[in-house]
There are 2 protein chains.
Amino acid sequence: MIEQLKLAVDTQDRAFIQQQLENVNYADICAVLYELDEEEAVFVIKALPITLAADVIAELDEDVLEEFLDEFDSKELAQYVERQETDDAKDLLDELPIIKREEVIGYLKNKEKARHIQELLRYEEDCAGGLMGKELIKANMNWNVEQCIEEIRRQAKHVDKIYSVYVVDDDELLLGRVALKKLLLAKENAKVGDIYNDEVISVYTYQPTEEVAAIMQKYDLEALPVINVQGKLVGRITIDDVIDVITEMAEQERQIMAGISEDVEEDDSVWMLSRARLPWLIIGLVGGIIGARFIGVFEDDLAEVTAIAFFIPLIMATGGNVGIQSSALVVQSLATPQAFQDPITRKLFKVFLVALINGIVLAGLVYLFIYFTSGASLAYVVSAALFTVVLLASFFGTVIPLALDKIGFNPALASGPFITTTIDLMGLLVYFMVAHALFNL
Amino acid sequence: MIEQLKLAVDTQDRAFIQQQLENVNYADICAVLYELDEEEAVFVIKALPITLAADVIAELDEDVLEEFLDEFDSKELAQYVERQETDDAKDLLDELPIIKREEVIGYLKNKEKARHIQELLRYEEDCAGGLMGKELIKANMNWNVEQCIEEIRRQAKHVDKIYSVYVVDDDELLLGRVALKKLLLAKENAKVGDIYNDEVISVYTYQPTEEVAAIMQKYDLEALPVINVQGKLVGRITIDDVIDVITEMAEQERQIMAGISEDVEEDDSVWMLSRARLPWLIIGLVGGIIGARFIGVFEDDLAEVTAIAFFIPLIMATGGNVGIQSSALVVQSLATPQAFQDPITRKLFKVFLVALINGIVLAGLVYLFIYFTSGASLAYVVSAALFTVVLLASFFGTVIPLALDKIGFNPALASGPFITTTIDLMGLLVYFMVAHALFNL
């Protein structure tokens with residue numbers, strides 16, 4: 001299939017491409033396009049029926065879309081935008097330079113849609129307004145069921161998925177909703193005002209996308225009406241867009257934990273990838289240099305008992321591992337609503353107990369090993385230092401993400417290079433201080 | 001509110017609790033329960049109207065549910081199960097010991113539901129069958145629209161959210177679907193066989209939940225019919241259950257990256273938490289002991305130039321950071337479908353280029369720093385070792401997750417303690433070998 005398409009692109013065989021793909025799902029076409037190179041993919045898109053091409057473009061990854069858009073002129077883009085849902089159209093236009101964006105909007109034949117899209121362009125990407133679309137069915141509370149169905153018929157072409165009809169008063173204030181099922185089973189002359197459910201959950205345009213995702217997840221919603229500060233219904237968010245938000249949040253957390261500046265992917269340029277990684281590596285490097293200074297202070301101890309150096313990696317690695325485990329548990333408990341929360345003091349006491357168990361087991365194992373290979377005094381020093389490091393790393397690994405969350409930062413930062421470097425250094429310092437104190441006893 | 005509830009529990013004031021909560025959303029009640037202690041929460045649940053209590057129980061976190069169930073006898077549980085959707089009922093019964101499970105099923109008055117639930121209990125949790133519910137609307141292709149609506153009316157009480165009516169033939173084989181919107185707009189005497197959409201996406205009962213999640217996400221579905229090997233329609237998966245799967249996958253990956261055996265949460269017992277964390281810490285410990293042996297081999301070099309020890313932390317930390325960054329990028333590209341995939345050789349070449357840039361910058365900085373503080377020869381040794389370590393850590397950080405994925409393991413394991421320990425050791429070995437070679441030149 002891919003080979004045939006490539007051949008068709010080479011021979012400029014538009015008819016073949018159209019015939020092969022016109023009954024294929026847009027998401028599958030997207031997957032096929034990713035197997036072609038950029039030029040071929042653009043050729044295929046242009047060969048598709050316009051409505052299908054519009055769906056395919058809406059489904060493309062944002063980074064890919066950005067690269068593609070230069071290959072289309074404003075008139076072509078207007079044709080696609082005309083056939084896209086308003087939220088997808090907004091996302092596309094957001095990628096364009098302002099002049100081209102205005103051109104595309106100018107070419108739109110459906111002036112109501114143009115107005116809707118311009119309204120959406122006002123909102124930032126990371127709030128409910130930036131996520132919503134204008135496609136929804138709105139019914140006045142004084143209508144009857146027949147009028148509702150007539151409205152659905154009128155809008156059927158524009159609103160692909162309906163779920164509920166939203167009920168508003170004469171001032172467009174959101175009052176409630178009628179599920180499609182209820183509408184189907186109701187009598188034609190029943191009043192909307194009598195059958196609607198007023199326990200409708202909605203969000204304001206300015207609420208952050210993370211909150212929107214949490215609300216839809218909590219209440220198991222497939223669509224969520226959006227209101228402005230006056231309480232007027234202005235849009236609707238559907239669950240598919242929210243799933244993308246959830247996926248992006250997980251991706252962002254992974255990058256933070258790994259110490260990569262946000263928003264790079266493996267297929268970005270070598271330069272971008274290096275730039276995203278270097279700052280965090282340099283933080284680690286500075287930490288390493290400070291570490292070298294610490295050790296330098298204890299040069300005399302080291303010259304006397306070279307074996308102290310042998311266990312630097314052990315102390316550092318264990319401290320780092322304990323710290324990351326602790327902070328991952330906190331991040332997790334902050335991310336998922338926890339049942340029967342213990343008060344903070346009990347939580348810290350529990351962390352302390354776990355650290356105590358881990359510390360005793362690890363220090364015990366190390367003591368035994370070193371005792372039989374290098375003698376009692378070194379065993380004593382290393383295991384005492386290890387025990388202290390486990391306790392401290394547990395404490396900081398727990399407290400730092402809590403503190404970050406409290407002051408409004410992403411707690412996952414605590415698993416990133418900055419904090420782990422700090423814990424590394426602390427471990428190193430404790431080790432050499434313990435060694436110094438015990439050997440000079 | 002919480003205080004009032006606690007007081008009502010103390011005074012056994014069931015009427016107050018019922019009156020306060022009967023019009024509250026079940027998800028909100030759940031959040032309230034998490035603020036109480038276990039005994040209080042059970043009392044509140046028992047005071048609620050049964051249908052509401054059933055919804056609340058279905059919404060409870062799995063771990064919490066498990067603890068609760070002992071507080072209810074089989075007859076009480078049967079009342080709740082009777083009012084739950086079949087997939088929630090299955091999840092509840094899965095937590096019970098077999099004898100109690102059979103008792104509860106025996107008490108169910110709706111024998112069809114009992115049969116449905118028993119059918120669902122056969123499926124493992126991690127496949128489509130374990131995720132699906134039996135609530136769906138099925139229409140024979142020979143029916144007309146009026147018969148469909150009649151069927152919806154008949155089932156309306158059991159099937160909360162409908163989305164689509166699934167069309168089957170006389171053998172119950174899935175043929176397609178009719179969206180509720182289409183049904184609403186169709187003529188009453190229209191044949192289902194004439195209006196249904198045969199491009200319906202379905203999954204088999206045995207497909208893993210990760211695949212189900214990927215399919216629903218790819219095609220933007222809010223519900224997905226499930227068929228058995230013969231192609232018969234046997235259930236339906238709704239998007240809210242899949243969102244939970246996506247969230248759990250992210251949580252699992254976080255735990256793997258942090259080196260925690262799966263499925264512990266902050267509120268588990270001290271013993272469970274220690275047990276989940278110790279194995280990975282011991283892996284790190286063993287790595288540290290092997291590291292001590294490595295360094296021991298180079299004891300003479302160390303005795304001669306103590307300053308070599310100073311830079312052990314720097315080499316290890318940088319190697320670890322580079323390795324984690326590299327593997328996080330690979331994990332990410334495996335998790336999200338990548339556009340315009342480069343062939344593997346080009347990818348590795350790119351990784352090499354990025355490593356080269358990072359290596360040169362980091363080694364350069366370190367060279368300058370050490371040159372001005374400790375002289376040229378040490379600067380030369382440390383920066384040469386650092387450069388080598390960056391290249392090797394990039395390579396292994398990239399190749400290991402790819403290899404893990406290839407042989408069917410979770411690639412996120414590569415960011416866990418086992419692999420990072422290996423990369424640490426490699427860095428250490430390289431450092432001392434370079435130091436040994438260069439100082440003896």
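As the structure is a prediction and not an experimental result, all values here were calculated from the model. (Residues numbered from 1 in each chain as written. Chains lettered and ligands numbered in written order. Predicted model: local features only at pLDDT ≥ 70, side-chain atom pairs only at ≥ 80, totals over all residues.)

Trainee: Give a detailed account of the overall build of chain A, specifying residues and quantitative values.
Mentor: Within chain A, the regular secondary structure consists of 23 helices and six strands. In terms of C-alpha radius of gyration, chain A reaches 30 Å, well past the compact-globule figure of 22 Å for 441 residues. Principal-axis analysis of the C-alpha atoms places the extent of chain A at approximately 90 × 60 × 35 Å. Expressed as a percentage of contacts within chain A between residues at least 6 apart in sequence, the contacts between residues at least 24 apart total 69%. (Helix = DSSP H or I, 4+ residues; strand = E, 2+ residues; numbered from the N terminus. Rg over C-alpha atoms; globule rule 2.2 N^0.38 Å. Contact = placed C-beta atoms within 7 Å.)

Trainee: Just give me the short version of the interface of chain B and chain A, but keep the residues and values in it.
Mentor: In this assembly, 99 residues from chain B lie in contact with 99 residues from chain A. Of the residues that constitute the side of chain B that touches chain A, the class distribution is 58 nonpolar, 22 polar and 19 charged. (Nonpolar A, V, L, I, M, F, W, Y, C, P; charged D, E, K, R; others polar.)

Trainee: Help me get a handle on the relation of the copies chain B and chain A, residues and values and all.
Mentor: By a simple turn and slide, chain B fits onto chain A: the slide is 0.0 Å along the axis, the RMSD is 0.1 Å, and the turn is 180°. What the rotation and shift describe, once combined, is the action of a two-fold rotation axis. Mapped onto chain A, 100% of the interface residues of chain B again fall at the interface, so both copies present the same surface. (Least-squares fit on C-alpha atoms with pLDDT ≥ 70 in both.)

Trainee: Tell me about the pairing of strand β1 (residues 137-140) of chain B, and please be specific about residues and values.
Mentor: Residue and element names in this part refer to chain B. Burial along β1 is one-sided: I137 and A139 are buried, and none of K138 and N140, which face the opposite way, are. Looking at chain direction, β1 and strand β2 (residues 164-168) are connected through four bridges and run parallel. Across the sheet, A139 pairs through a bridge with V167, a residue of β2. (Buried ≥ 20, exposed ≤ 12 C-beta atoms within 10 Å, placed from the backbone. Pairing = 2+ DSSP bridges.)

Trainee: How would you explain unusual backbone geometry if you had to name every residue and give the values?
Mentor: One non-glycine residue, A:Y163, adopts positive backbone phi at about 65°. By the element assignment, A:Y163 lies in the loop between α12 (145-155) and β2 (164-168). Located in the positive-phi region is B:D220, a residue other than glycine, with phi close to 50°. Structurally, B:D220 can be placed in the loop between α15 (209-218) and β5 (223-227).

Trainee: Report on helix α7 (residues 74-83) of chain B, specifying residues and quantitative values.
Mentor: Within the span of α7(B), buried status applies to B:L77, B:A78, B:Y80, B:V81 and B:R83. In the core, the buried residues of α7(B) are packed alongside α5 (50-59), α8 (86-94) and α9 (98-107) of chain B.

Trainee: Explain the sheet that holds strand β6 (residues 233-238) of chain B residue by residue, including any values.
Mentor: Residues and elements named next belong to chain B. Here we have three strands laid out as an open sheet, ordered β4-β5-β6, and mixed in their pairing. Lying at the two open borders of the sheet, with one neighbouring strand each, are β4 (203-204) and β6. Bridge count between β5 and β6: five bridges; the pairing is antiparallel. Counted as the bridge partner of P225 is R236 from β6. On top of the sheet, α15 reaches β4, β5 and β6; it is set at about 135° to β5, its chief contact. The sheet contacts of helix α16 (residues 239-258) involve β5 and β6, and relative to β6 the element is tilted by about 65°. (Axes fitted to C-alpha atoms, helices over the stretch in contact; angles between N-to-C directions.)

Trainee: Describe the packing of helix α21 (residues 344-374) of chain B against helix α22 (residues 376-406) of chain B, listing the residues and the values that go with them.
Mentor: In a packed pair of helices, the relevant descriptors are the angle between the two axes and the axis-to-axis distance. All names here are of chain B. Between α21 and α22, the least distance of the axes is 8 Å, while the angle of their chain directions is 160°. Taken together, α21 and α22 sit at an angle that is classed as roughly antiparallel. You can see that α21 and α22 cross each other, and the crossing is right-handed. Broken down by class, the residue content of the contact of α21 with α22 amounts to 18 nonpolar, six polar and no charged. (Parallel < 35°, antiparallel > 145°, perpendicular 65-115°, else oblique. Left-handed = near helix turned anticlockwise from the far one by under 90°.)

Trainee: How would you explain the domain arrangement of chain A if you had to name every residue and give the values?
Mentor: By convention, interface size is frequently given as the accessible area that disappears when the constituent parts associate. When cut into domains, chain A gives domain 1 (2-124), domain 2 (138-238) and domain 3 (270-439). For domain 1 of chain A and domain 2 of chain A, the distance between their C-alpha centroids amounts to 30 Å. (Domains from an automatic or database assignment.)

Trainee: Please give an account of the nonpolar core that cites residues and values.
Mentor: Membership of the largest hydrophobic core comes to 120 residues, with the highest contact counts inside it found for A:I315, A:A385, A:L386, B:I315, B:A385 and B:L386. Core analysis: the next-biggest nonpolar cluster, separate from the first, contains 74 residues, A:V226, B:V145, B:V167 and B:Y196 among them. (Core = buried A, V, L, I, M, F, W, Y, C linked by C-beta atoms within 7 Å.)

Trainee: Tell me about the environment of A:G176, and name the residues and values.
Mentor: All names here are of chain A. Relative to the elements of secondary structure, G176 occurs in strand β3 (residues 174-179). As a C-alpha pair, G176 and G397 span 221 residues in sequence and 46 Å in three-dimensional space. Setting aside its immediate chain neighbours within four residues, G176 contacts V167, Y196, N197, D198 and V200.

Trainee: Mind laying out the environment of B:G176, listing which residues take part and the relevant values?
Mentor: Among the residues examined, B:G176 registers 20 C-beta atoms within 10 Å and is labelled buried. On a C-alpha basis, the gap between B:G176 and B:D160 in space is 21 Å, while along the polypeptide they are 16 residues apart.

Trainee: Which residues make up the sheet that holds strand β4 (residues 203-204) of chain A, and what are the values?
Mentor: Residues and elements named next belong to chain A. Across the sheet, which stays open at both edges, the three strands sit in the order β4-β5-β6 with mixed pairing between neighbours. Strands with a single pairing partner mark the edges of an open sheet, and in this sheet they are β4 and β6 (233-238). Running at roughly 135° to strand β5 (residues 223-227), helix α15 (residues 209-218) makes contact with β4, β5 and β6 of the sheet. Sheet contacts for helix α16 (residues 239-258): β5 and β6; angle to β6, the most-contacted strand, approximately 65°.

Trainee: Now, about helix α5 (residues 50-59) of chain A: what can you tell me, with residues and values included?
Mentor: Residue and element names in this part refer to chain A. Among the ten residues that make up α5, seven are buried, leaving the element largely enclosed by the rest of the structure. Along α5, the residues classified as buried are A53, A54, D55, V56, I57, A58 and E59. The inward-facing, buried residues of α5 abut α3 (26-33), α4 (38-47), α6 (62-68), α7 (74-83) and α8 (86-94).

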